[in-house]
Amino acid sequence: MLKKFIVIVTLIFAPIVMAGEKNFEDPYQKTKIAAEKIFNAINQQSAQIKSNPEILRDVVKSDLLPYVHVKYAAALSLGDNYKNINKDERDAYFSAFERYLIQAFAQALSMYNGQSYQVESDKDVTGKNIVSVRVLLINPDKSQQPIRLDFQWRKNTATGEWQAYDMVAEGVSMITTKQSEWSTIVRQQGIKSLIAQLQSQASQKIDPSAIPNKTTASK
């Protein structure tokens, strides 16, 4: 049960920390404000979402995706393979990756059932370009220990804007995990196969009773 909970909250909070208001440059404030914003939106539409979970795709696209650095996250997720694909392949991959994120985020958010959270206290970010912000996820079941999530933020040196690019859940990096999974697919089957799998994942219906699927290599 703990492993399942980590999978769910990992996908829930990944988009949340990427969804900050641009006028708040501090990653700590972005995390707090964005978390409050997304959960308020879900609570306000809870009745509609319960009858039609697909609404969550619109929530993700309108409230979360504009703040996600999709291409940067996509490139990191491919690792060294990113350098070996051409422009057309990259464009197709970016498009599939974005649709995959929308489905994955919406699926995870459909499983939200009242988890509370605690963002660590603000720290001075002067002179820093990379900052990790810790969030504790508190399960309603008080017998379970809080789950630690560390969100990695990167400051855009050109714009000064902070954007989240990775999350480490209980010591496991989201980007590193995807690099490991997807490098096998690209190596054995090629980038087109990965794109096809991402597109297939993106087309799946939002089902609150389902565990988020992972894109893995075919055996």
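How each quantity is defined
- Residues numbered from 1 in each chain as written.
- Predicted model: local features only at pLDDT ≥ 70, side-chain atom pairs only at ≥ 80, totals over all residues.
- Heavy atoms only, no water.
- pLDDT = per-residue confidence, 0-100.
- Contact = heavy atoms within 4.5 Å.
- Salt bridge = Lys/Arg side-chain N within 4 Å of Asp/Glu carboxyl O.
- Helix = DSSP H or I, 4+ residues; strand = E, 2+ residues; numbered from the N terminus.
- Buried < 20%, exposed > 50% of the residue type's maximum accessible area, 1.4 Å probe, protein only.
- Pairing = 2+ DSSP bridges.
- Axes fitted to C-alpha atoms, helices over the stretch in contact; angles between N-to-C directions.
- Parallel < 35°, antiparallel > 145°, perpendicular 65-115°, else oblique.
- Nonpolar A, V, L, I, M, F, W, Y, C, P; charged D, E, K, R; others polar.

### A look at the confidence of the model for the protein chain
- Put simply, the protein chain has an average pLDDT of 81, and 84% of its residues get 70 or more.
- Low confidence marks residues 15–24, where pLDDT is under 50. Its contacts with residues over four positions away, or in another chain, come to 30 contacts.
- Every residue in residues 215–219 scores below 50 in pLDDT, and together they form 17 contacts with partners more than four places removed in sequence or on other chains.

### Some words on the pattern of salt bridges
- Following the criterion strictly, the structure yields 9 salt bridges and no others.
- Here Lys 61 ties to Asp 58 by a salt bridge, and the two come within 4.0 Å at their closest N and O atoms. With Lys 61 and Asp 58 both in helix H4 (residues 55–64), this residue pair falls 3 residues apart, about one helical turn.
- Asp 58 sits in the partly exposed class, given a relative accessible area of 47%.
- Two residues, Arg 134 and Asp 150, come together in a salt bridge whose shortest N-O distance is 2.8 Å. Here the residue Arg 134 occupies a position in strand S2 (residues 130–138), and Asp 150 occupies one in strand S3 (residues 147–155), the gap between them amounting to 16 residues.
- Bridged by salt links that share partners, the residues Arg 134, Arg 148 and Asp 150 form one connected network.

### A closer look at the environment of Ile 42
- With respect to the helices, strands and loops of the structure, Ile 42 is situated in helix H2 (residues 27–44).
- Under the relative-accessibility criterion, Ile 42 is labelled buried at 8%.
- Put simply, Ile 42 and Val 59 are 17 residues apart on the chain and 8.2 Å apart in space, counted from C-alpha to C-alpha.

### Regarding the sheet that holds S3
- Spatially, the 5 strands line up as an open sheet ordered S1-S2-S3-S4-S5, and their pairing is antiparallel. A strand with exactly one partner marks an edge of an open sheet, and here the two such strands are strand S1 (116–119) and strand S5 (172–173).
- Here 7 bridges tie S3 to strand S4 (residues 162–169), and the two strands are oriented antiparallel to one another. Bridge pairing in S4 places Trp 153 opposite Ala 164.

### Focus on the pairing of S4
- With 8 of 8 residues buried, S4 is to be regarded as a mostly interior element.
- Between S3 and the antiparallel strand that follows it, S4, lie 6 residues; Gly 160 among them carries a positive phi value of about 80°.
- Between the antiparallel neighbours S4 and S5 lie 2 residues, among them Glu 170 with a positive phi of about 50°.

### Notes on the pairing of S2
- Judged by which residues are buried, S2 turns out to be one-sided: Val 131, Val 133, Val 135 and Leu 137 face inward and are buried, whereas Ile 130, Ser 132, Arg 134, Leu 136 and Ile 138, on the alternate face, are not.
- Both S1 and S2 contribute to a ladder of 4 bridges, which runs antiparallel. Counterpart to Val 119 in the pairing with S2 is Val 135.
- Taken together, the 8 bridges between S2 and S3 define a ladder with antiparallel strand orientation. Its bridge partner being in S3, Val 135 is matched across the sheet by Leu 149.

### Observations concerning the environment of Ala 169
- One can find Ala 169 in strand S4.
- The exposure class of Ala 169 is buried, given its relative accessible area of 7%.
- In this structure the C-alpha to C-alpha distance between Ala 169 and Phe 151, which are 18 residues apart in sequence, comes to 8.6 Å.

### Brief notes about the side chain of Arg 57
- Here Arg 57 is to be found in helix H4.
- Leaving out residues up to four positions away in the same chain, Arg 57 has contacts with Ile 102, Gln 103, Ala 106, Ala 202, Ser 203, Gln 204, Lys 205 and Ile 206.

### A short note on the packing of helix H5 (residues 70–78) against helix H6 (residues 87–109)
- Following both chains from N to C, one finds H5 and H6 inclined at 100°, their axes separated by 10 Å at the closest point. Compared by their axis directions, H5 and H6 come out roughly perpendicular. Contacts between H5 and H6 involve Val 70, Lys 71, Ala 73, Ala 74, Ala 75, Ser 77 and Leu 78 from the former and Tyr 93, Phe 94, Phe 97, Glu 98 and Leu 101 from the latter.
- Considering only residue class, the contact of H5 with H6 consists of 9 nonpolar, 1 polar and 2 charged.

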